[in-house]
Amino acid sequence: PAAQGALGDGQGSGAPGALSAGSLAIGTTTGYRLFSLSSVEQLDQVHESNEIPDVYIVERLFSSSLVVVVSHAKPQQMNVYHFKKGTEICNYSYSSKILSIRLNRQRLVVCLEESIYIHNIKDMKLLKTIMDTPPNTTGLCALSINHANSYLAYPGSATSGEIALYDGNTLKTACTIPAHDGPLAALAFNSTGSKLASASEKGTVIRVFSIPGGQKLYEFRRGMKRYVNISSLVFSMDSQFLCASSNTETVHIFKLEHLTDSRPEEPPTWSGYMGKMFQAATNYLPAQVSGMMSQDRAFATVRLNISGQRNICALSTIQKLPRLLVTTSDGHLYIYNLDPQDGGECVLIKTHSLLGSGKMEENKENDLQPPVPQSYAATVARQSTVPSTSTMPGYSEDGGALRGEVIPEHEFATGPVCLDDENEFPPIILCRGGQPGKAKRS
């Protein structure tokens, strides 16, 4: 079967696949597959489902058993599964085709072309419907994986590069950011939700803004020779690097140097004076020219063997070394070494086939450390009492979501959606308060 998508940032990117540091999900013509990447050499298939064909969105909640699936057979229906138990938690139907899904430990976001639905992931209740959003044909949106800082970003205009920033916790609009002149093509939060990267349809400039303030922090130039379609934009977990891939053969990695205000008032050297004069001169130049003077080139690059094929990237630390992971729509995962000091051309060290029999291809790295055991969240709570036989609807009738199947209440218990394994990636932040688990009755 052909892979219909590849890997994303842990919440996906509108493609039928997602990748966090150790968890990869792909959608195929026959269903979907989940993988665990515990070392450069070891890619294990955790689960395969052939129940729903033509899966074009599959999103796994980090390393948990919660998986959200959308199929071309029913493009208006979202199915939420507990894949380890082989059960469906709930399903929702919407007024038009589902274009993308994002999730963290608090929120599940469903993006349609002209509306966005925000669910509480603990009981799947619909909390908010953002209606009449600007036409968003690709389902572009980003959700912070840090649920304590649960911001949602989506296009605020179909004709300009305005970003609408929405607070997923308070369910209120935070601000709008005039990011680009042309329409947006890519959005990505860093791991803490304190930075947001964006690119326009031209794909020549990538900007990074502070969240929630919306101040521009960085501006990177991918290139000026040609316009490209940015297909993947992702930060490293420590926010030190930002990776951008497109429909070309080149992947760019930019380094976010620490901003500092410790420059001396009076530069003590001739070169310092000249630098200050040069900086002042940019104030008198056209914005396009002066902006060019402050551009940063790519810190590191990768030349892919393929071009014009959909690919999605991730930056991860595997066996204590920084790696670039690239997956392509033909079903391959490529792993590159990234030199965090000098950058330059990244070296391909491993290729995995995602659609074969599980056998790995050649190109091994020498002197590998022993694989580190992968820790998965114990997502099924131990039941201290016999589960109640009462049932509750696994749906909400508000805002256009239609009735799903009636499901047992204990399916909503602490299991599928309360993750409390400290070793799970990424680390849990502020997840101890309250009494998690029980579904709210409507």
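Residues numbered from 1 in each chain as written. Predicted model: local features only at pLDDT ≥ 70, side-chain atom pairs only at ≥ 80, totals over all residues. Heavy atoms only, no water.

Caption draft 1: Quick peek at the overall build of the protein chain. A count of helices and strands for the protein chain gives three helices and 31 strands. Buried positions account for 54% of the 442 residues belonging to the protein chain. Across the protein chain, every contact between residues at least 6 apart in sequence was considered, and the portion connecting residues at least 24 apart equals 48%. Total accessible area on the protein chain stands at roughly 20000 Å², and carbon and sulfur atoms take up 51% of it. (Helix = DSSP H or I, 4+ residues; strand = E, 2+ residues; numbered from the N terminus. Buried < 20%, exposed > 50% of the residue type's maximum accessible area, 1.4 Å probe, protein only. Contact = heavy atoms within 4.5 Å. Areas by Shrake-Rupley, 256 points an atom, 1.4 Å probe, with all protein chains shown as cover.)

Caption draft 2: Spotlight on the pairing of strand 6 (residues 66-71). For strand 6, the tally of buried residues reaches six of six residues, placing the bulk of the element in the interior. Pairing analysis gives five bridges linking strand 5 (residues 55-60) to strand 6, with the strands arranged antiparallel. Counterpart to Val58 in the pairing with strand 6 is Val69. In textbook terms, the turn of a hairpin is the stretch between consecutive antiparallel strands, and for strand 5 and strand 6 this stretch comprises five residues, one of which, Phe62, has a positive phi near 50°. The sheet contact formed by strand 6 and strand 7 (residues 74-82) spans five bridges and is antiparallel. Looking at strand 7, one finds that Val69 is bridged to Asn79. (Pairing = 2+ DSSP bridges.)

Caption draft 3: Representation of the sheet that holds strand 24 (residues 300-303) in the model. Spatially, 21-22-23-24-28 is the arrangement adopted by the five strands of the open sheet, whose pairing is mixed. The open sheet is flanked by strand 21 (230-235) and strand 28 (344-345), the only strands paired with a single partner. In this sheet, strand 23 (residues 250-255) lies alongside strand 22 (residues 241-246) in antiparallel orientation, the contact comprising four bridges. Among the inter-strand pairings, Phe241 is bridged to a residue of strand 23, identified as Lys255.

Caption draft 4: Broad picture of the pairing of strand 10 (residues 107-111). Where burial is concerned, most of strand 10 is hidden: five out of the five residues are buried. Burial of the side chains of strand 10 extends over both faces: Arg107, Val109 and Cys111 are buried on one face and Leu108 and Val110 on the other. Where strand 9 (residues 100-103) and strand 10 come together, four bridges link them in antiparallel fashion. Considered in strand 10, the bridge of Leu103 is made with Leu108. Sheet topology places strand 10 next to strand 11 (residues 115-120); five bridges connect them, and they run antiparallel. Considered in strand 11, the bridge of Val110 is made with Tyr117. Hairpin connection from strand 10 to strand 11: three residues lie between these consecutive antiparallel strands.

Caption draft 5: Representation of the state of the cysteines. Summed over the entire model, instances satisfying the criterion amount to zero disulfides. In this model Cys313 remains outside any disulfide bridge; the closest cysteine sulfur is found in Cys243, 4.2 Å from its own. Its relative accessible area of 0% is what places Cys313 among the buried residues. Just so you know, Cys346 is unpaired, no disulfide at all, and the nearest cysteine sulfur is the one on Cys243, 8.4 Å from it. Accessibility expressed as a relative area gives 6% for Cys346, which makes it buried. (Disulfide = S-S within 2.5 Å.)

Caption draft 6: Fine view of the nonpolar core. Met78, Ile98, Ile101, Leu108 and Val110 are the most contacted members of the largest nonpolar core, which has 24 residues in total. Of all elements in the fold, only strand 5, strand 6, strand 7, strand 8 (87-93), strand 9 and strand 10 reach the threshold of two or more residues within this core. Each residue touching Val110, except ones within four places of it in the same chain, is listed here: Met78, Tyr94, Ile98, Ser100, Ile101, Ser115, Ile116, Tyr117 and His119. With 18 residues, the next largest nonpolar core counts Phe241, Cys243, Ala300 and Ile306 among its residues. (Core = buried A, V, L, I, M, F, W, Y, C linked by side-chain atoms within 4.5 Å.)

Caption draft 7: Structural context of the sheet that holds strand 5. Within the open sheet, the four strands sit side by side as 5-6-7-8. Their pairing is antiparallel. Two strands close off the open sheet at either side, each with one partner strand: strand 5 and strand 8. Strand-to-strand, the axes of this sheet are offset by a mean angle of 20°, without reference to chain direction. (Axes fitted to C-alpha atoms, helices over the stretch in contact; angles between N-to-C directions.)

Caption draft 8: The arrangement of the pattern of salt bridges in detail. Tallied over the full model, the rule gives four salt bridges. For Glu48, the salt bridge identified is with Arg33, shortest N-O distance 3.4 Å. Of this pair, Glu48 sits in strand 4 (residues 43-49) while Arg33 sits in strand 3 (residues 32-37), and the two are 15 residues apart along the sequence. A relative accessible area of 8% means that Arg33 is categorised as buried. Residue Glu41 is joined to Lys350 by a salt bridge in which the shortest nitrogen-to-oxygen separation is 3.4 Å. One end of the pair, Glu41, is in the loop between strand 3 and strand 4; the other, Lys350, is in strand 29 (residues 347-353), and 309 residues separate them in sequence. Each member of the pair, Glu41 as well as Lys350, is classed as buried. (Salt bridge = Lys/Arg side-chain N within 4 Å of Asp/Glu carboxyl O.)

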